[in-house]
Amino acid sequence: MEAAHRSPGFRRWFNRRGWIKITIATPYVWLSLFFLLPFVIVIAMSFATRTPTAPPFSFGGDYPVMNTNHYARLIHDDLYVRAYLNSIGNATLATLMCLLIGYPMALGLTRVSRSWRNVLLMLVILPFWTSFLLRVYAWMGLMGTNSWFNKLLTGAYNWVMPADMALRYIPMMNTGFAVVLVTVYSYLPFMILPLYANLEKLDLSLNEAAMDLGSRPFQVFRDVTLPLSLPGIIAGSLLVFIPASGELIIPSLVGSSSRPMIGRVISDEFASARDWPMASAVAVALLLLLVGPLMAYTYFEGKSLEKKKAEGES
Amino acid sequence: MNRRPVFLITMLCFGFAFFYIPILSMMVYSFNGSRLATVWGGFSTKWYVSLLSNRQVLKAAILSIEIAVLSATFATILGTMAGIAMARFKRFRGRTLFSGLVTAPLVMPEVITGIASLMLFILMAEYIGWPATRGFTTVTLAHITFSMVFVTTIVHSRLVQADEAIEEAAMDLGSRPWQVMKDITLPVISPAIMSGWLLAFTISLDDVVITNFTTGPGTTTLPILIWSKVKLGVTPDINALATITVVIVGIGVFIAGWLLNRAEKAREHDIQLAYQANQ
Amino acid sequence: MPEPATTADAKIAQFPRAVAPAIKETPFIRIEGVTKRFGAFTAVSSVSLEIRKGEIFSLLGGSGCGKTTLLRMLAGFEDPTEGRIFIDGQDMTDLPPYERPVNMMFQSYALFPHMTVEKNVAYGLKHMDMTPSQRSDRVREMLALVQLSDFSHRKPHQISGGQRQRVALARALAKQPKLLLLDEPLAALDKKLREATQFELMDIQDKTGTTFIVVTHDQEEAMTLSSRLAVMDKGRIMQTGTATEVYEYPNSKLVAGFIGSINFFDATVRATQGDTAEVEVPELGGMVEARAIPGLTPGQPITLAIRPEKLTISRGKPATANAFPGKVRDLAYFGKDSLYRIQMPSGRVMSVNSVNARRVGENERVADWEDAVWLSFEPAAAILLKD
């Protein structure tokens, strides 16, 4: 603001349109430089050729226009296809589980008394503020072969099953199951919070009206609550699915190394194999897979903000 | 109809058990005397002692906080500007691209953002010579970029719910755009800006993946340190560290909740006052 | 095309008492051919208006008629696509809101929630060349004007809706603007408060002598408040004039129907004689004598309009020209007046408003359900409309 008295022309510009232009341009330039440009680099890099130089890539050479070999490898090399299928499968399963656990919880939150609700909401948010890494780590402790939790489950299993099928422990660590479980655990608040925000706004008199017209509680849920909460379901599912599909930490810590996941593949190609072009091609392909969900998210976010705006104006 | 929703309450209990049993177990085991992290060997506080005397951990924690404060502050400035631009300036060139730029980082898989940023920084070092090495600067730049959009989201949703007419009123009364922002917009959205800063701070403090890609030798943040340790398996001192984190965050959230509750009560009191004024 | 403002007969040109002396004949605000388009949508379409100093001028119309857009162009929040705006001889068209001698009272009041009542009122003054003591004097004076001196340290959410409205008014008047714009100033108040505030607003305008432009969708509000008003529809000004002119001498079906209720009939001109015209109205079953308008030719189709309160109900046939038989189909008793629905032999039902001047029991009314009655009206009450 001190710059305002440099010259009358500048001052006039600053006082009128200038400030507005600065407000728009500063974050715009920043995001273009540090977010958009890196993605342009990723896309360009996926058509480059790996070389034993530093930085380890070059354009031209055997491939004068662009090198599409990496994309061909994506399809032909079994590793990548399996990694995509594992990642998308895990993310889908985790999203469904989050929905199955999170929906009744969110609905339950809207049905308890107001003072309880605030406490419970805080309890949903609390793990969200603690470290993601430490939450994954907590499960490593629980799933280990010697842990009380594993022993408890093993005891229950041996009690139910015939003696000849008894186990010394249940193998949980380093399995696909562990990845889904920990993903559900880590991303559950992302499902509950948008669902709660949506369900909380529903008019309870609609339920009463449906009941008054002869619906039983389950029918009320199916015919009224569920359709009206669809925006919350979509928002929550996308917030779980998109990051879960590219997840790196969870598969690295509790996953099995024989089940490749896309996040790890990108990271390994980049850091261990120093194959920038290949890592970029894998990343671009993941982005293409996520383009649909990403656009859906942007679209629904925009719509809900417009609704909020309309509500704010009325 | 006053039937208690038994199923929903059961699910809530189950859900909260799911949320908290791992954390509580971790907290209990932080007082484990045994060297084996999962076998109970009597009560002990030795892991706290060893943790607090570990200079590496303390250094990493301080570095993390430095980066988090710095990046949250810049992210708040840039994110607030972007939020205001999105909510208040309806027509400018490139608005569609801009709105994509402020939404995409919210959901972008971190691995992709990580390698993309790293390649940018390497190429920048190669071609323009800045930032020359990877470390504090590059990590902070990356953190600012991906946490600013969270601030934007919070500020934007606060602004679209606020009455735009108050800003027009200020302009109508003779304030120039920058004065309107200083006198009206910023004070009105200050709670949103504060929670934006807090969110950016925690996101930065918590980040592993993007930091892992953009950091260099000698710049080890606390999450990176933990990451390198837990990759090797469960260790008792991490349990102690986790317990300290949970307790600090718990106290923070509790205080925030208490303050919010108090503000709510004050508001109710004011509304009553207004009602009496009506009589 | 609607006719330009009717500069009325001397007979009916009577300004409301409160503003009459302040009005000078030279236009103070001049809007010249202003058009505003948002993309393909035309919100305001070549509007020209002249408003005199000290007037309360209302822009009246339904939602989406362009009245608010016109107001926002006067304030400087929207730039006209075409046309110019002059205030006190100065071209304002390209000035931003903060450089115009114009202030606005917002529909939502737009009080700054984080400032006290006093700070709200003082806000605009900080951009003026004043000493601190002049400033606080002005704030005190303004708060006294709107009777809020005791509330100066309250925040907006600590006062009632009516008080907020007065803070908004005081804040907008504090800079002593050449022109005050009021966007639906009374819409957020309940009915009782609205009536009291209307007169307060007129009183304040009288004291300060500021020119007011009021946007409203409420015709009663416009008629009570304003010295003159403009009826707007689809971005155009349909008619400008005093309340009386617009009510008694509407220039179009649209204006006649928008202000008050009215009965319309299809008619055909048969003859004109001086200032009376004879028109044939099939739905009334005969000829009607009406006050002529310029440019009538025999055989021309035309609309006849009669306001419900201009009709008289009687048991026997009255000895006047315009008298028609009918039957009471329905009646609603409102206390001070009653509304009758009278069916004519043609089947057409008319609304008739009758003032209950005498105190009578239920059995002594002028007419009751199913009674055969006569309707009559003076030729001057019959309005002829070309469109």
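Residues numbered from 1 in each chain as written. Chains lettered and ligands numbered in written order. Predicted model: local features only at pLDDT ≥ 70, side-chain atom pairs only at ≥ 80, totals over all residues. Heavy atoms only, no water.

- An unreviewed UniProt entry lists chain C under the name Spermidine/putrescine import ATP-binding protein PotA, from Albidovulum salinarum.
- The UniProt entry for chain C carries the following comment under Catalytic activity (unreviewed entry): "ATP + H2O + polyamine-[polyamine-binding protein]Side 1 = ADP + phosphate + polyamineSide 2 + [polyamine-binding protein]Side 1."
- Word for word, the UniProt comment on chain C under Function (unreviewed entry) is "Part of the ABC transporter complex PotABCD involved in spermidine/putrescine import. Responsible for energy coupling to the transport system." (UniProt positions renumbered as here; feature names shortened; annotations may be inferred.)

- Taking an unreviewed UniProt entry as the reference, chain B is identified by name as ABC transporter permease subunit belonging to Defluviimonas salinarum.
- Turning to chain B, the UniProt annotation filed under Sequence similarities (unreviewed entry) states: "Belongs to the binding-protein-dependent transport system permease family. CysTW subfamily."
- As stated in UniProt under Subcellular location (unreviewed entry), the record for chain B gives "Cell membrane".

### Some points on the overall build of chain B
Right, so step 1: For chain B, the helix and strand inventory stands at eleven helices and zero strands.
Right, so step 2: If you list the helices and strands of chain B from N to C, you get α-α-α-α-α-α-α-α-α-α-α.
Right, so step 3: Across its three principal axes, chain B shows a C-alpha extent of roughly 70 × 70 × 35 Å.
Right, so step 4: Across chain B, the fraction of contacts at a sequence separation of at least 24, relative to all contacts at a separation of at least 6, is 66%.
Right, so step 5: About 12,900 Å² of surface is accessible on chain B, with carbon and sulfur atoms providing 66% of the total.
Right, so step 6: Seen as two clouds, the 20 positive and the 15 negative side-chain charges of chain B have centres 7 Å apart. (Helix = DSSP H or I, 4+ residues; strand = E, 2+ residues; numbered from the N terminus. Contact = heavy atoms within 4.5 Å. Areas by Shrake-Rupley, 256 points an atom, 1.4 Å probe, with all protein chains shown as cover. Lys, Arg positive; Asp, Glu negative; His and termini not counted. Charge placed at Lys NZ, Arg CZ, Asp CG, Glu CD.)

### Points about the UniProt feature "domain: ABC transporter" (unreviewed entry) in chain C
Right, so step 1: Look at the UniProt record and you will see "domain: ABC transporter" (unreviewed entry) annotated at residues 29–259 of chain C.
Right, so step 2: In the segment residues 29–259 of chain C, helix accounts for 35% and strand for 27%; the C-alpha atoms at its two ends are 25 Å apart.

### Remarks on helix 1 (residues 67–75) of chain C
Right, so step 1: Buried residues dominate helix 1 of chain C, accounting for eight of its nine residues.
Right, so step 2: Buried within helix 1 of chain C are the following residues: C:K67, C:T69, C:L70, C:L71, C:R72, C:M73, C:L74 and C:A75. (Buried < 20%, exposed > 50% of the residue type's maximum accessible area, 1.4 Å probe, protein only.)

### Focus on the sheet that holds strand 18 (residues 349–355) of chain C
All names here are of chain C.
Right, so step 1: A sheet is described by the order of its strands in space; here five strands give the open sequence 15-19-16-17-18, paired in antiparallel fashion. In this open sheet, the two edge strands, each paired with only one partner strand, are strand 15 (312–314) and strand 18. Here the strands of the sheet are splayed against their neighbours by 45° on average, with no regard to which way each runs. (Pairing = 2+ DSSP bridges. Axes fitted to C-alpha atoms, helices over the stretch in contact; angles between N-to-C directions.)

### Focus: helix 1 (residues 6–29) of chain B
Right, so step 1: The end-to-end C-alpha distance of helix 1 of chain B is 34 Å, a good match for the 34 Å that 24 residues give at a rise of 1.5 Å each.
Right, so step 2: The largest bend along helix 1 of chain B measures about 35° and falls at B:Y20, with the proline B:P22 one to four residues further on. (Expected span 1.5 Å × (residues − 1). Bend = angle between axes of the 7 residues up to and from the residue.)

### A look at the packing of aromatic side chains
Right, so step 1: Within the structure shown, the criterion is met by 34 aromatic pairs over all chains.
Right, so step 2: With 5.7 Å between their ring centres and 40° between their planes, A:Y187 and A:F190 make a pair best called tilted. In this pair, A:Y187 and A:F190 are both assigned in helix 7 (residues 176–201), three residues apart and thus about one turn of the helix distant.
Right, so step 3: Since its relative accessible area comes to 27%, A:F190 is described here as partly exposed.
Right, so step 4: Aromatic rings pair up to connect A:W139, A:W148, A:F149, A:Y185, B:F14, B:F16, B:F18, B:F19 and B:Y20 into one cluster.
Right, so step 5: Over the face of the ring belonging to C:F112 we find C:R171, whose NZ or CZ atom lies 4.5 Å from the ring centre.
Right, so step 6: We note C:R307 situated over the ring of C:Y247; from NZ or CZ to the ring centre the distance is 3.9 Å. (Phe/Tyr/Trp six-rings, centres within 6.5 Å; stacked < 30°, edge-to-face > 60°. Lys NZ or Arg CZ within 6 Å of the ring centre and 35° of its normal.)

### Describing the nonpolar core
Right, so step 1: Residues A:W139, A:I249, A:L253, A:V254 and A:V282 are the most contacted members of the largest nonpolar core, which totals 169 residues.
Right, so step 2: Sorting elements by how many residues they give to this core places helix 7 of chain A first, with 14 residues.
Right, so step 3: Beyond its immediate chain neighbours, meaning those up to four positions away, A:W139 contacts A:F149, A:L181, A:V182, A:Y185, B:F18 and B:P22.
Right, so step 4: Of all hydrophobic cores here, the second largest spans 42 residues; its members include B:A170, B:L173, C:V47 and C:F57. (Core = buried A, V, L, I, M, F, W, Y, C linked by side-chain atoms within 4.5 Å.)

### Some words on the packing of helix 1 (residues 8–45) of chain A against helix 5 (residues 110–127) of chain B
Right, so step 1: The interhelical angle for the contact between helix 1 of chain A and helix 5 of chain B, taken along N-to-C directions, is 90°, at an axis separation of 8 Å. If you check the angle between helix 1 of chain A and helix 5 of chain B, you find them roughly perpendicular. Residues A:L33, A:F34, A:F35, A:L37, A:P38, A:F39, A:I41, A:V42 and A:M45 of helix 1 of chain A pack against B:I112, B:T113, B:A116, B:S117, B:M119, B:L120, B:F121 and B:L123 of helix 5 of chain B. (Parallel < 35°, antiparallel > 145°, perpendicular 65-115°, else oblique.)

### Here's the deal with the interface of chain B and chain A
Right, so step 1: Listed by partner, the interface residues are 95 residues for chain B and 92 residues for chain A.
Right, so step 2: Summed over both sides, the interface between chain B and chain A buries roughly 8,600 Å², with carbon and sulfur atoms accounting for 85% of that surface.
Right, so step 3: Taken together, the links from chain B to chain A amount to zero salt bridges.
Right, so step 4: Connecting chain B to chain A are nine residue pairs in polar contact (both at pLDDT 80 or more).
Right, so step 5: Residue contributions to the side of chain B that touches chain A peak at 17 residues, all from helix 1 of chain B.
Right, so step 6: Looking at side-chain class alone, the side of chain B that touches chain A contains 69 nonpolar, 18 polar and eight charged residues. (Buried area = accessible area lost by both parts, 1.4 Å probe. Salt bridge = Lys/Arg side-chain N within 4 Å of Asp/Glu carboxyl O. Polar contact = N/O pair within 3.5 Å; in protein donor to acceptor, adjacent residues only side chain to side chain. Nonpolar A, V, L, I, M, F, W, Y, C, P; charged D, E, K, R; others polar.)

### Observations regarding the UniProt feature "transmembrane region" (unreviewed entry) in chain B
Right, so step 1: With numbering matched to this structure, UniProt assigns "transmembrane region" (unreviewed entry) to residues 7–31, 60–85, 97–123, 135–155, 184–205 and 238–260 of chain B.
Right, so step 2: Taken as a whole, residues 135–155 of chain B contains 95% helix and 0% strand, while its terminal C-alpha atoms sit 30 Å from one another.

### Brief notes about the domain arrangement of chain C
Residues and elements named next belong to chain C.
Right, so step 1: Domains assigned within chain C are domain 1 (20–101 + 177–258) and domain 2 (263–385).
Right, so step 2: At the interface, ten residues of domain 1 touch eight residues of domain 2.
Right, so step 3: Of the roughly 760 Å² buried at the junction of domain 1 and domain 2 (both faces included), carbon and sulfur atoms supply 55%.
Right, so step 4: Of all residues in domain 1, Y247, K253 and A256 bury the most surface against domain 2, accounting for 58% of the area lost on that side.
Right, so step 5: At the surface where domain 1 touches domain 2, the tally comes to one salt bridge.
Right, so step 6: Between E248 and K310 there is a salt bridge; the shortest N-O distance is 3.2 Å.
Right, so step 7: In this assembly, domain 1 and domain 2 are joined by four residue pairs in polar contact (both at pLDDT 80 or more). (Domains from an automatic or database assignment.)

### Looking at the confidence of the model for chain C
Right, so step 1: On average, residues of chain C score 88 in pLDDT, and 94% of them are at 70 or above.
Right, so step 2: Note on residues 1–24 of chain C: pLDDT is under 50 here. Beyond four places in sequence and across chains, it has 34 contacts. (pLDDT = per-residue confidence, 0-100.)

### Overview of a nonpolar patch on the surface
Right, so step 1: Together, B:V247, B:I251, B:F254, B:I255, B:W258 and B:L259 make up an exposed nonpolar region whose accessible area comes to about 600 Å².
Right, so step 2: Here B:F254 is to be found in helix 11 (residues 236–278). (Patch = residues over 30% accessible without salt bridge, like charges linked within 9 Å, V, L, I, M, F, W, Y side chains within 5 Å.)

### A word on the packing of helix 3 (residues 55–88) of chain B against helix 6 (residues 136–161) of chain B
All names here are of chain B.
Right, so step 1: Taken N-terminus to C-terminus, the directions of helix 3 and helix 6 make an angle of 40°; their axes are 5 Å apart at the nearest point. Relative to helix 6, helix 3 is oriented oblique. Crossing geometry of helix 3 relative to helix 6 is assigned as right-handed.
Right, so step 2: Split by residue class, the contact of helix 3 with helix 6 holds 18 nonpolar, ten polar and two charged. (Left-handed = near helix turned anticlockwise from the far one by under 90°.)

### A few points about the sheet that holds strand 1 (residues 27–38) of chain C
Residue and element names in this part refer to chain C.
Right, so step 1: Pairing is antiparallel in the open sheet, where four strands are placed in the order 2-1-4-5. Lying at the two open borders of the sheet, with one neighbouring strand each, are strand 2 (41–52) and strand 5 (90–91).
Right, so step 2: With two bridges connecting them, strand 4 (residues 82–87) and strand 5 associate as antiparallel partners. Across the sheet, the residue bridging to F86 is D91, located in strand 5.
Right, so step 3: Strands in contact with helix 1 are strand 1, strand 2 and strand 4; relative to strand 1, the strand with the most contacts, it is inclined by about 120°.

### Section: the pattern of salt bridges
Where side chains of opposite charge bring their charged atoms close, a pairing between them can arise.
All names here are of chain C.
Right, so step 1: This structure, assessed with the given rule, holds 30 salt bridges over all chains.
Right, so step 2: Across the pair R166 and E200 runs a salt bridge, and its minimum N-O distance is 3.9 Å. A residue pair is termed long-range when its members are at least 10 positions apart, and R166 in helix 4 (residues 161–174) and E200 in helix 5 (residues 191–208) qualify at 34 residues.
Right, so step 3: Relative accessible area serves as the criterion here: at 24%, E200 is assigned to the partly exposed category.
Right, so step 4: A salt bridge links E195 to K191, with the shortest nitrogen-to-oxygen separation between them at 3.8 Å. Note that E195 and K191 are positioned in helix 5 at a spacing of four residues, about one turn of the helix.

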